[in-house]
Amino acid sequence: DQSACLALVVVGYVSGIPMGFHCYPELRQAYAWVAMIVCILTSIALALIPKTHSTLISAVILAGAFVAVVPAAHWLLLSTAGRRATGGSFCFAIVCACVACLVFFKMFPECYAPGRFDLFGNSHQLWHVLIFLTIVKYGDCLTAVYSLTATTEYCTE
């Protein structure tokens, strides 16, 4: 469940690097290496950490997510055409992903009202909705950026 959603988000993220930094080959290569290293180290850490250490697992996942936001924010600052095409949607996707992590790891809202959210509105359900919104909006962004890479406007800034 969580692994499949995580894999989908990671694949989308990794595919966005070559498109987003299409005009900047050095940055594209650097961020691709960083993404690969972070994915490998996060996977190794998650495989080695005992499942009983949920706080440590949460910290590793959040650290990996934080590292992923750096190239995304850099791209938003760097690419005027990309910002125009995807800015609002891209920021919405980032916010949804961050809120999804917060809701899931803090077990909100059931931590404030135990037993009231057992069937409807629990953190796992909210997490799925937020991850779905993240994936849909990010998919829209990838489509827009892919269309931009074929134009002369994208690399002439």
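Basis of the calculations
- Residues numbered from 1 in each chain as written.
- Predicted model: local features only at pLDDT ≥ 70, side-chain atom pairs only at ≥ 80, totals over all residues.
- Heavy atoms only, no water.
- Axes fitted to C-alpha atoms, helices over the stretch in contact; angles between N-to-C directions.
- Helix = DSSP H or I, 4+ residues; strand = E, 2+ residues; numbered from the N terminus.
- Parallel < 35°, antiparallel > 145°, perpendicular 65-115°, else oblique.
- Contact = heavy atoms within 4.5 Å.
- Nonpolar A, V, L, I, M, F, W, Y, C, P; charged D, E, K, R; others polar.
- Expected span 1.5 Å × (residues − 1).
- Buried < 20%, exposed > 50% of the residue type's maximum accessible area, 1.4 Å probe, protein only.
- Polar contact = N/O pair within 3.5 Å; in protein donor to acceptor, adjacent residues only side chain to side chain.

**Details of the packing of helix 2 (residues 25-48) against helix 3 (residues 54-78)**
Inference 1: The N-to-C vectors of helix 2 and helix 3 enclose an angle of 170 degrees; their axes lie 9 Å apart at closest approach. On the basis of their axis angle, the class for helix 2 and helix 3 is roughly antiparallel. On the side of helix 2, the interface is formed by Leu-27, Tyr-31, Val-34, Val-38, Thr-42, Ala-45 and Leu-46, while helix 3 contributes Ile-57, Val-60, Ile-61, Gly-64, Val-67, Val-70, Pro-71, His-74 and Leu-78.
Inference 2: Its residues assigned to classes, the contact of helix 2 with helix 3 comprises 13 nonpolar, 3 polar and no charged.

**So, the environment of Phe-66**
Inference 1: Looking at the secondary structure, you find Phe-66 in helix 3.
Inference 2: Between the alpha carbons of Phe-66 and Cys-98 there is a distance of 9.2 Å; along the sequence they are 32 residues apart.

**What to know about helix 5 (residues 123-149)**
Inference 1: Between its first and last C-alpha atoms helix 5 spans 38 Å; for 27 residues at 1.5 Å apiece the expected length is 39 Å, and the two agree.
Inference 2: Listing the buried residues of helix 5 in full gives Ser-123, Trp-127, Leu-130, Ile-131, Thr-134, Tyr-138, Cys-141, Leu-142, Val-145 and Leu-148.
Inference 3: A distance of 3.1 Å separates the backbone nitrogen of His-124 from a side-chain oxygen at the start of helix 5, and that oxygen is part of Asn-122.

**A word on the side chain of Asn-122**
Inference 1: By the secondary structure assignment, Asn-122 is in the loop between helix 4 (80-106) and helix 5.
Inference 2: Taking relative accessible area as the criterion, Asn-122 reaches 13% and is therefore assigned buried.
Inference 3: Here the side chain of Asn-122 touches Gln-125 through a polar contact of 3.0 Å, landing on its backbone nitrogen.

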